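Read off the chains here:
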Amino acid sequence: MRRRKSLLDTLDQSVRTKLLALVLAPLLIGVPVLLALVWTWGNQAYHRLLSFKIGSDLVTAHEYFDRVQQGVGADLQALASSVPVGALLARPVEPATADALHGMAVARGLDFLHLLDHDGKPLASAGGRHLPSISRASWAVVDSAMGGAPRTAIELFPPADLAVIDPALRRRAHLPLVDTPAAVPEDRNSEDRGMVIHAAAPVFDAFGHLVAVLEGGVMLNGNLAIVDRINAIVYREGSLPLGSVGTATLFLGDTRIATNVRLFEGERALGTRVSRAVREHVLEGGRVWQDTAFVVNDFYVSGYEPIEDSAGERIGMLYVGFLEAPFRHARTWAMGALFAVFVVISIGGTVLSLRFARTVFRPIERMNAVIQRVGAGDADARVGPIASRDELGRLAIEFDHLLDTLAAKREELQRWADELDSKVAERTAELAEANEILRRAQQQLVMSEKLAAIGELTAGVAHEINNPVAVIQGNLDVLNDVLGPQAEPVREEIRLIHQQADRIRQIVTKLLQFARPGEFAGYAENVAVNAVLADCVLLTRHNIDKRRIELVQALDASGTVEINRSELQQVLINLIVNAVQAMPEGGRLSLATEDREDEGGQPGILIRVRDTGQGIASEHLDRIFDPFFTTKKGSGTGLGLSISYTIIERYGGRIHVDSTPGEGAEFSVWLRREAHFDDAPNAPDFRARWASGAGKHTA
Ligand code: ADP
């Protein structure tokens, strides 16, 4: 069951097997069926043909046998009306009569010849034998002749009759029976009856009166001349295929009494008997047998017909037949040849079909393979050129076209997708930038509001403080002048008051500078950065040395930048002082300058101030440029970096910080060779500028 299922599965799944089944089924099923039919019909035709032939053979044999009988009758009639017989009757019977009859019998080939009187009693006998003086009218032919009508019939003569007529006939009739396997069992050892062609003819005198009867006969037992003659007539030379042998036989009852059928030693098969089947069919049934039968030692195509005596009793059979083997061989050979031809045609057809089928399923298999490869992701798989120009070939070409079109479409889609991706990325980036700008703008807004308020407040307060401070300082100078030497004991206190008042004025000035930077801006000039830096070092040298700070300088910048010199100095001093303050226990202060273009190719100079101090906590990084942000409680104002930032920004430069807490900080200042003032010294601009730097550690 499983095997059948898998076979069906295979059939169902493979076009190749389906095609092969389609092509081979008619050959492999049709040819054997055709062979079987040809075999059956051929056999039937063969048997019909043989049956027809044996039928016609039997008719020929029958006619000849009739002619022989009629010949015996005709001979008797001729003798009866002959002059010599008339002469014999004219004389009394004498020994010469017997001799004369003997001469006639020999001349006509008769086995016996009797002259009877008109009552049927024997007058004389050929050979001079003395027959009992009893009328032979009991024999039908004699009785008929006595009535004036000549007659011929086949009769069985009992052995005693034969002995009376001629002991030689009696001896000739004696035939030992040969044991025959298929025959009906028989008690007798021999056949002693004689089968005789018995004829009688009336002899008339000149007046037409019946005066005598002539009775004669030919015994068929052992009469090989007749069977050989029948055989020669029925089976003329060349009428049978090579190797076949024609046979003829006369049966007495079921026993062969005259035959040319040979036994194994080449001897005639006299005394052998017919098979039970034939005996029952012909002798008992009275029908003609036309079929193959086993005769003595081989199969013969046989025809048997019954022989009847004068009373209509079946007393024997006439047989003709021919050896079947050569026909059978011819048939077998023909069938074999036919079979071979069919086999050759089948094999040839199969091979051709396979070849032809291959041209059909090749394209299909290739297309299937391509479909699988395409399914597995190989978009370049194609069927390629195909030899066949039929529908399948065109289908393969169309299939490739389809795949090409699909690939082109897919590529186009991919291109679109890529474009879309990049556009999305672009838009996302733009959006992020816009968001950032928005965020900054919001921060700026908040910060600028705050700073605006602080600025206004600071400006107001600064002015209010400056005046009293100026009054204090003025009056202090007056006090000093008025007291003169009397002021000597409090000179130190006066100096301290002066100093502190000055400090107040400086802070207020810084505040004002922060609140209204434009008012403090000096003129811009081309400043040599390295020289300014050298001045700054000079001014802060005392602080540096005091804290045993190592100073490293790499001043590689070559040109100048456009800026107000004292403002640049203020920025750098602020950075150096912050660095020094970050290293209370000493350390290294590195100052470096170099020529550096910005990302847009704008020429400028980069100044770096690096220390190895405590660094800036990451949470402070964002806030150190904010105004008033300081970690130096008491001593710091938190304005140094924010003012520096404002100054650098004003000239279109940038300031940036990097720091690793515990390791130090580095401030970088980049300045354009040619300053770029994109602002005016008024409040809104001030706000915007400060807001943009607020909360950032870079600008
Ligand atoms: P101030 O020095 O008066 O505090 P600044 O605006 O100059 O005001 O500096 C703000 C803050 O930035 C400082 O209080 C300090 O915390 C930090 N800072 C600036 N420079 C350095 C530096 N080189 N190392 C460590 N911290 C620094």
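These remarks concern the structure in this document. No experiment lies behind these values; they were computed from the predicted model shown.

### Here's the deal with the overall build of the protein chain
Now for step 1: If you tally the helices and strands in the protein chain, you get 18 helices and 19 strands.
Now for step 2: Relative to the globule expectation of 27 Å for 699 residues, the C-alpha radius of gyration of the protein chain, 78 Å, shows a markedly less compact shape.
Now for step 3: Its C-alpha atoms give the protein chain principal-axis dimensions of about 240 × 45 × 40 Å.
Now for step 4: Of the contacts made within the protein chain by residues no fewer than 6 positions apart, 68% connect residues no fewer than 24 positions apart.
Now for step 5: With the model as given, the accessible surface of the protein chain reaches about 38,100 Å², and the carbon-plus-sulfur share is 57%.

### Let's talk about the packing of aromatic side chains
Now for step 1: Following the criterion strictly, the structure yields nine aromatic pairs and no others.
Now for step 2: Note on Phe-251 and Tyr-304: the rings are 5.8 Å apart at their centroids and 45 degrees apart in plane angle, and the pair reads as tilted. Of this pair, Phe-251 sits in strand 8 (residues 246-252) while Tyr-304 is found in strand 11 (residues 298-308), placing the two residues 53 residues apart along the sequence. Each member of the pair, Phe-251 as well as Tyr-304, is classed as buried.
Now for step 3: Ring plane angle 45 degrees and centroid distance 5.0 Å describe the contact between Phe-322 and Phe-327, whose orientation is recorded as tilted.
Now for step 4: Look at Phe-322 and you get buried, because its relative accessible area is 0%.
Now for step 5: Aromatic ring contacts, followed pair by pair, group Phe-112, Trp-139 and Phe-157 into a single cluster.
Now for step 6: It is Lys-53 that lies over the ring of Phe-322; its NZ or CZ is 5.4 Å from the centre.
Now for step 7: One residue, Arg-331, lies across the ring of Tyr-46, its end atom 4.5 Å from the ring centre.

### Quick word on the packing of helix 3 (residues 83-90) against helix 4 (residues 95-108)
Now for step 1: The geometry of helix 3 relative to helix 4 is characterised by a closest axis approach of 11 Å and an angle of 165 degrees between their N-to-C directions. Taken as axis vectors, helix 3 and helix 4 run roughly antiparallel relative to one another. Two packed elements cross with a definite hand, and for helix 3 against helix 4 that hand is left-handed. Where helix 3 approaches helix 4, its residues Pro-84, Val-85 and Leu-88 are matched on the opposing element by Thr-97, Ala-100, Leu-101 and Met-104.

### As for the pattern of salt bridges
Now for step 1: Counted under the stated rule, the structure contains 31 salt bridges.
Now for step 2: Here Arg-172 and Asp-111 are joined by a salt bridge, their closest N and O atoms 3.2 Å apart. Taken together, the residues span a long stretch of sequence, with Arg-172 in helix 7 (residues 167-173) and Asp-111 in the loop between helix 4 and strand 1 (112-117) at a distance of 61 residues.
Now for step 3: Note that Asp-378 and Arg-373 form a salt bridge whose closest N and O atoms lie 2.9 Å from each other.
Now for step 4: Classification of Asp-378 as partly exposed rests on a relative accessible area of 27%.
Now for step 5: Overlapping salt bridges, with partners in common, bring together Glu-186, Arg-188, Glu-191 and Arg-193 in one network.

### Things to note about the site of the ligand
Now for step 1: Around the ligand, 19 residues are found, and the nearest of them are Thr-630, Thr-631, Lys-632, Thr-637 and Leu-641.
Now for step 2: Here a nitrogen atom of the ligand and a side-chain polar atom of Asp-611 are 3.0 Å apart.
Now for step 3: Between the ligand and the protein, one listed contact pairs an oxygen atom with a backbone N or O atom of Leu-641 at 2.8 Å.
Now for step 4: In isolation the ligand offers 520 Å² of accessible surface; the protein chains occlude 94% of this area.
Now for step 5: Contributions of two or more residues to the shell around the ligand are made by helix 15 (565-582) and helix 17 (640-650).

### Here we look at helix 8 (residues 224-234)
Now for step 1: Among all positions of helix 8, only Ile-226, Val-227, Ile-230, Asn-231 and Val-234 are buried. Buried residues along helix 8 cover an arc of 135 degrees about the axis, so they all sit on one side.
Now for step 2: Next to the buried residues of helix 8 lie helix 2 (15-80), strand 6 (194-204), strand 8, strand 9 (255-259) and strand 12 (314-323).

### A look at the packing of helix 2 against helix 8
Now for step 1: Two numbers describe how helix 2 lies on helix 8: the axes approach to 9 Å, and their chain directions differ by 135 degrees. In terms of orientation, helix 2 lies oblique with respect to helix 8. For the crossing formed where helix 2 meets helix 8, the hand is right-handed. Taken together, the residues of helix 8 that come into contact with helix 2 (itself represented by Asp-57, Thr-60, Ala-61, Tyr-64, Arg-67 and Val-68) are Ile-226, Arg-229, Ile-230, Ile-233 and Val-234.
Now for step 2: Class assignment for the residues of the contact of helix 2 with helix 8 results in seven nonpolar, one polar and three charged.

### Some details on the pairing of strand 11
Now for step 1: The buried count for strand 11 comes to eight of eleven residues, which makes it a mostly enclosed element.
Now for step 2: In the sheet, strand 10 (residues 289-295) pairs with strand 11 via seven bridges, with the strands oriented antiparallel. What sits directly across from Gln-290, in strand 11, is Gly-303.
Now for step 3: Hairpin connection, strand 10 to strand 11: the antiparallel pair is bridged by two residues, and Val-296 has positive phi, about 60 degrees.
Now for step 4: Where strand 11 and strand 12 come together, nine bridges link them in antiparallel fashion. Considered in strand 12, the bridge of Ser-302 is made with Gly-321.
Now for step 5: Connecting strand 11 to the antiparallel partner strand 12 that follows it, the hairpin turn spans five residues, and Gly-312 within it adopts a positive phi of roughly 85 degrees.

### So, the environment of Gly-321
Now for step 1: Mapping Gly-321 onto the fold places it in strand 12.
Now for step 2: Taking the relative accessible area as the measure of exposure, Gly-321 reaches 0% and is therefore buried.
Now for step 3: Linking Gly-321 and Ala-675, residues 354 residues apart in sequence, is a C-alpha distance of 143 Å.
Now for step 4: Every residue in contact with Gly-321, bar those within four places of it in the chain, is listed here: Ile-54, Tyr-235, Val-245, Gly-246, Thr-247, Tyr-300, Val-301 and Ser-302.

### Considering the nonpolar core
Now for step 1: Counting 52 residues, the largest nonpolar core has Leu-101, Leu-113, Leu-214, Leu-220, Ile-230, Leu-250 and Val-320 as the members making the most contacts within it.
Now for step 2: Among the elements that take part in this core, helix 2 stands out by supplying twelve residues, more than any other.
Now for step 3: Residues Leu-568, Val-571, Val-609 and Val-669 belong to the second largest nonpolar core, which totals 45 residues.

### Re the sheet that holds strand 11
Now for step 1: Spatially, 9-8-12-11-10 is the arrangement adopted by the five strands of the open sheet, whose pairing is antiparallel. Two strands in the sheet have a free side with no partner beyond their single neighbour: strand 9 and strand 10. Adjacent strand axes in the sheet meet at a mean angle of 35 degrees, parallel and antiparallel pairs treated alike.

### Examining the sheet that holds strand 3 (residues 151-157)
Two modes of strand pairing occur in sheets, parallel and antiparallel, and in both the strands are linked by backbone hydrogen bonds.
Now for step 1: Pairing is antiparallel across the open sheet formed by five strands, whose spatial order is 2-1-7-6-3. Each of the sheet's edge strands pairs with one partner strand only, and the pair in question is strand 2 (122-125) and strand 3. Put simply, the sheet's adjacent strands are angled 25 degrees from each other on average, direction ignored.
Now for step 2: Sheet analysis places strand 1 next to strand 2, joined by three bridges and oriented antiparallel. Within the sheet, the bridge partner assigned to Leu-116 lies in strand 2 and is Pro-122.
Now for step 3: This element, helix 3, spans strand 1, strand 2, strand 6 and strand 7 (210-219) of the sheet and lies at about 125 degrees to strand 7.

### Observations concerning unusual backbone geometry
Now for step 1: Located in the positive-phi region is Arg-548, a residue other than glycine, with phi close to 50 degrees.
Now for step 2: Among the structural elements, Arg-548 can be located in the loop between helix 14 (529-546) and strand 14 (549-555).
Now for step 3: Accessibility expressed as a relative area gives 70% for Arg-548, which makes it exposed.
Now for step 4: Its identity is not glycine, yet Phe-628 carries a phi of approximately 70 degrees, on the positive side.
Now for step 5: Structurally, Phe-628 is set in the loop between helix 16 (618-621) and helix 17.
Now for step 6: Its relative accessible area of 37% is what places Phe-628 among the partly exposed residues.

Rules used throughout
Residues numbered from 1 in each chain as written. Predicted model: local features only at pLDDT ≥ 70, side-chain atom pairs only at ≥ 80, totals over all residues. Heavy atoms only, no water. Helix = DSSP H or I, 4+ residues; strand = E, 2+ residues; numbered from the N terminus. Rg over C-alpha atoms; globule rule 2.2 N^0.38 Å. Contact = heavy atoms within 4.5 Å. Areas by Shrake-Rupley, 256 points an atom, 1.4 Å probe, with all protein chains shown as cover. Phe/Tyr/Trp six-rings, centres within 6.5 Å; stacked < 30°, edge-to-face > 60°. Buried < 20%, exposed > 50% of the residue type's maximum accessible area, 1.4 Å probe, protein only. Lys NZ or Arg CZ within 6 Å of the ring centre and 35° of its normal. Axes fitted to C-alpha atoms, helices over the stretch in contact; angles between N-to-C directions. Parallel < 35°, antiparallel > 145°, perpendicular 65-115°, else oblique. Left-handed = near helix turned anticlockwise from the far one by under 90°. Salt bridge = Lys/Arg side-chain N within 4 Å of Asp/Glu carboxyl O. Near = heavy atom within 4 Å. Polar contact = N/O pair within 3.5 Å; in protein donor to acceptor, adjacent residues only side chain to side chain. Arc of directions from axis to C-beta. Nonpolar A, V, L, I, M, F, W, Y, C, P; charged D, E, K, R; others polar. Pairing = 2+ DSSP bridges. Core = buried A, V, L, I, M, F, W, Y, C linked by side-chain atoms within 4.5 Å.

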